[in-house]
Amino acid sequence: MRVLTLAKKEFKDILSERIYIITLLLQVFVVFGIVFLGLFYAQIQHSITYVGNVYVESDDPLFLEQISRDERINLVSYPDRAVAVITVEDGTIHIEMRVAWFTRDVEDVIKRAYTNMRFEWGTVSRGANPIFIEIMSSLLIPLVLLLPIFFSMNILSDSIVKEKERKTLEILFSVPMRREEIIIGKIIPIVVLGLLQVIAWIGLLSQIYPYMYHVLLLILFLVIVMAFFFSSAVAFSTYAGTMRESNLFLILLMMAVTFLVFIPFPEELSFLCRLSPVGGIVMLSSNQGLLATEVIPYFVVYSILALISFFVASKMLSKDRYTRLG
Amino acid sequence: MALSKMTIWELKQIFKGKKFTYAFVIQFFVILAIIPLFDVYSEILEDPQEIILPTSKDYLPVAISSSPLTQVIDEHPIFRVYHVSEEQGGSLLKDHIVCCFISGETILFDENNPKARVAEYHLQRLLQQEPDIEPSWILNERSVVPRQQLRARELAMREIRRTAEMMQSEEINYSTLLVLLLAIFLASGILVDLVVSEKEKQTGEILMSLPVQSWKVLLSKVFSVVIVLVCQIALWIFTLYFLGRVSSLFSMLPLFLMSFLIISLTSLVSVYSKSYKEAGFAITVSYVLLFAFLMSASAFYVFSEKFSFLSPLSLVVMIEKGQSTVSGIVYAALPVFLVSCVLIFVSARLYGRDEFYFGPRPSLFRVLLEEAVKPLSALLSWLLVILLLYTDILNGVVL
């Protein structure tokens, strides 16, 4: 009960800060900006390889089928406006190029069609640009979903360090509540706020980008990730003397965890980069079907990390030499 | 005299803090870690047709049962490969666990899975073999594509290649340049600390009551940070130089310019802001704006050399292209230097005003009006004349 009272008070405090509200609103732009970035990136990829209209006459239906799969060209039914005219007859290929600049690209298109003719291809329903799908689900969506967590982590550490700097933390500790309860009271509003944002962004994203799966599991995973990050934020800010210091620690932690994926580990250690929460989010949100053996490690690893960091945080809080300034 | 004394005092303050030591050590490790990271990116840029982001590793689940494609798919980082029997593959595909099942020479897709499209896209690029027959080529030039479209494409390709070259170039490694920005951020963090902490702890009021002009107080803070920064950058550059990452020390000149600009911007922001939180927020926003501007200005260089003087980054391009003359560099460096000086000047002026300590703080608009618009309107006519002359001279130099 007392925990809830504290949580309510903290929640009000957060919402009364103008900067937090501005940052919240800024995130909406970030979400839209990120989708735009994905589209832009996919468009650039497409346009630097795009050749243009090509007219093909072929007595080999396999060749025709393969060449029509190539997204770099647009097959047209009249040769007038075509960049290249390709004629396949009795096993010979004639190519008439109208724009010399594209010769190498057209050569590549033909090579690819010939290579892929050797395989029998199943059907795939048409949809969004594959590059867009790839970059959205493997990079941009995880970043959008981690953003509110990082942001909330900062609010949490601010609120602890501020109490420390103003010496109100000691007063708070003299209240007949256990220290863990105080911390939980501080974490609850942050988790609620973070969760609300995560849900809002998932809702918003699924309107723009319809290929997100296992939303409930994803939210559960993010809650566990939050538990880990928020308890470590408590530990860091209890240790840090000033707001600046705690912010520095937190930024480093965030970078270390997020950019774990970007570090080129040697082959034997490559499992390490899968441990980043980015990997878990990608796995959960992008796959239609999941194998339990692949998903459970993420939950186990982050649950253990969350427990350890909660334990460390509560141990640190119980020692007065960390909670007092100086 | 007072200035040098105060600078030394501030320097002592900086080095006494644990924070600086920590940040310094951490920075060192970050620099060591980032270098291989950028090497990976320059490799990616080498072949812009095939970009596999590190986050896309194992992104596409694919089942294979004895196929000529097995080896090449195993080697491709984007695929997460399940080696299975015919039956297992079928059931994996049915449960949507894999997006594609390759059996022998047949490729089956999980039709409505968005990943199947991505898999198809990558599979199509997997093999590249010569056709069995020799194609015959005829060139018959006709204007089927609008010239503008061709030109735009050429420009885009050139830009991509240029970025790739810049990231790999031996003389000026863009990656190391970015790495060195870390030192600048640390220094600006210290500056915010020095200025804003005095407000938060209300020790600034005591400083104001000292028989020292307030601009000297601010300048001593800025100088001490600049000294720390210069030492640090010099240290990193020499380290990188001995590691063989930088071969021309000269090309690091723009970095010093950039750091001066960032420090002066930081000093203005921290003089204006009331608390850490505000300063942090304002600094993040202003850095993003600053970088957007600097980057776009250097992109101007591609289109017209005339605008390039707006960004010190274009200096990098200039030096790299071997077009640098002493006067050319001076003209390219001057605007940034001048802007930084103006920023320092304005922040020193604002620091002297009591409102920024005791409140009520004037609104941003008001400050802008008083500090910028009034003197600017007086200076504008002069500036116009100077600018005209300046572009003329620059033209002469570049051409």
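Residue numbers run consecutively from 1 along every chain, following the written order of its sequence. All chains are assigned letters beginning at A, and all ligands numbers beginning at 1, according to the order in which they are written. At least 70 in pLDDT is required for a residue's local features to be given in this predicted model, at least 80 for side-chain atom pairs to be given and counted, and no such filter applies to totals for whole chains, interfaces and linings, which use all residues. Side-chain metrics in this entry use all non-hydrogen atoms of the structure; hydrogen atoms and water are not considered.

(A) Focus on the overall build of chain B. Helix numbering and strand numbering both begin at the N terminus, where a helix is a DSSP run of H or I of at least 4 residues and a strand a DSSP run of E of at least 2. Looking only at helices and strands, one finds 15 helices and 5 strands in chain B. Relative accessibility thresholds used throughout: buried, under 20% of the residue-type maximum; exposed, over 50%; partly exposed, between the two (1.4 Å probe, protein chains only). Per-residue burial over chain B gives 49% buried out of 399 residues. By the convention used here, residues are in contact when the closest approach between their heavy atoms is within 4.5 Å. In chain B, of all internal contacts separated by at least 6 residues, the share reaching a separation of at least 24 is 67%. Calculation of accessible area relied on Shrake-Rupley with a 1.4 Å probe; when residues are assessed, cover is drawn exclusively from the protein chains displayed. Surface summary for chain B: the accessible area is close to 20,100 Å², and the carbon and sulfur share equals 66%.

(B) Layout of the nonpolar core. Grouped together as the largest cluster of nonpolar side chains are 96 residues, with contacts concentrated most on F229 of chain A together with L123 of chain B. By residue number, the principal contributor to this core is helix α5 (residues 130-165) of chain A, which donates 18 residues. Those residues in contact with F229 of chain A that sit more than four places away from it in its chain are I149, F150, M153, L253, V257 and P277 of chain A. Note on terminology: a nonpolar core comprises buried Ala, Val, Leu, Ile, Met, Phe, Trp, Tyr and Cys residues joined through side-chain atoms within 4.5 Å. Core analysis: the second largest hydrophobic core is formed by 53 residues, L11, A183, L219 and I344 of chain B among them.

(C) Region of the structure containing the confidence of the model for chain B. The predicted model of chain B has a mean per-residue pLDDT of 76, with 74% of residues at 70 or higher. The ipTM assigned to the predicted complex is 0.85, against a pTM of 0.72. pLDDT measures the predictor's confidence residue by residue and takes values from 0 up to 100.

(D) Quick peek at the pattern of salt bridges. Think of a salt bridge as a Lys or Arg side-chain nitrogen and an Asp or Glu carboxyl oxygen that are within 4 Å of each other. This structure, assessed with the given rule, holds 16 salt bridges over all chains. One salt bridge in this structure joins R80 of chain B and E294 of chain A, with 3.5 Å as the shortest N-O distance. Of this pair, R80 of chain B sits in strand β2 (residues 79-83) while E294 of chain A sits in helix α11 (residues 292-317), on two different chains. When salt bridges with common partners are traced through the structure, they connect K9, E10, D13, E163 and K186 of chain A into a single cluster.

(E) Spotlight on unusual backbone geometry. Residue and element names in this part refer to chain A. Positive phi, normally seen in glycine, also occurs at K167, with a value near 60 degrees. Mapped onto the fold, K167 is located in the loop between α5 and α6 (168-174). With phi around 50 degrees, H214 is a residue other than glycine that occupies positive phi space. Along the chain, the position of H214 falls in the loop between α7 (179-208) and α8 (215-239).

(F) Highlighting the environment of S125 of chain A. Mapped onto the elements of the fold, S125 of chain A is located in the loop between β5 (120-121) and α5. Distance from S125 of chain A to I160 of chain A, taken between C-alpha atoms, is 52 Å for residues 35 residues apart in sequence. Beyond its immediate stretch of four places on either side in the chain, S125 of chain A contacts E111, N112 and R117 of chain B. Here the side chain of S125 of chain A touches E111 of chain B through a polar contact of 3.0 Å, landing on its backbone oxygen. Counted as a polar contact is a pair of N or O atoms within 3.5 Å, where, for protein atoms, one must be capable of donating a hydrogen and the other of accepting one, and residues adjacent in sequence contribute only when both atoms are in side chains.

(G) Quick peek at a negative patch on the surface. Residues and elements named next belong to chain A. Together, E57, D59, E89 and D90 make up a region of like negative charge exposed at the surface. Mapped onto the elements, D90 comes out in the loop between β3 (84-89) and β4 (92-97). Residue classification places D90 among the exposed positions, given a relative accessible area of 70%. A patch is a set of surface residues, each over 30% in relative accessible area and not in a salt bridge, joined within 9 Å for like charges and within 5 Å for the nonpolar side chains Val, Leu, Ile, Met, Phe, Trp and Tyr. Positive charges are assigned to Lys and Arg, negative charges to Asp and Glu, while His and the chain termini are left out of the count. For the purpose of locating charges, the reference atoms are NZ of Lys, CZ of Arg, CG of Asp and CD of Glu.

(H) Local environment of the side chain of R80 of chain B. Judged by relative accessible area, R80 of chain B falls into the buried class, the value being 11%. Within the structure, the side chain of R80 of chain B is placed 3.0 Å from the backbone oxygen of D58 of chain B, a separation counted as a polar contact. Dropping the residues within four chain positions of it, R80 of chain B is found in contact with M283, N287 and E294 of chain A together with D58, L60, P61 and V62 of chain B.

(I) How the structure looks around the interface of chain B and chain A. Between chain B and chain A, the contact holds 78 residues from the first and 90 residues from the second. The term buried area denotes the loss of accessible surface (1.4 Å probe radius) that occurs when two parts are joined, taken as the sum for both partners. Summed over both sides, the interface of chain B with chain A buries roughly 7,900 Å², with 59% coming from carbon and sulfur. The three residues of chain B that bury the most area against chain A are R117, R153 and K277 of chain B, which together make up 10% of that side's buried surface. The interface formed by chain B and chain A holds 4 salt bridges in total. Two residues, E120 of chain B and R126 of chain A, come together in a salt bridge whose shortest N-O distance is 3.2 Å. The set of elements that each furnish at least two residues to the side of chain B that touches chain A consists of α2 (18-46), β2, β4 (106-109), α5 (114-124), β5 (136-139), α6 (147-168), α7 (174-200) and α11 (276-303) of chain B. Counting residues per element, the side of chain B that touches chain A draws most heavily on α5 of chain B, which supplies 10 residues. Residue type decides the class: Asp, Glu, Lys and Arg count as charged, Ala, Val, Leu, Ile, Met, Phe, Trp, Tyr, Cys and Pro as nonpolar, and the leftover types, Gly among them, as polar. Each residue belonging to the side of chain B that touches chain A can be placed in one class, and the counts come to 41 nonpolar, 15 polar and 22 charged. A pair of strands is treated as paired once DSSP finds two or more bridges between them. Note: β5 of chain A against β4 of chain B, 2 bridges, orientation parallel.

(J) Spotlight on the sheet that holds β2 of chain B. In spatial order, the strands read β5(A)-β4(B)-β3(B)-β1(B)-β2(B); together these 5 strands make up an open sheet with mixed pairing. Taken across any chain shown, the strands that pair with only one partner, and hence form the sheet edges, are β5 of chain A together with β2 of chain B. Pairing analysis gives 5 bridges linking strand β1 (residues 60-65) of chain B to β2 of chain B, with the strands arranged parallel. Along β2 of chain B, the bridge assignment pairs L60 of chain B with F79 of chain B.

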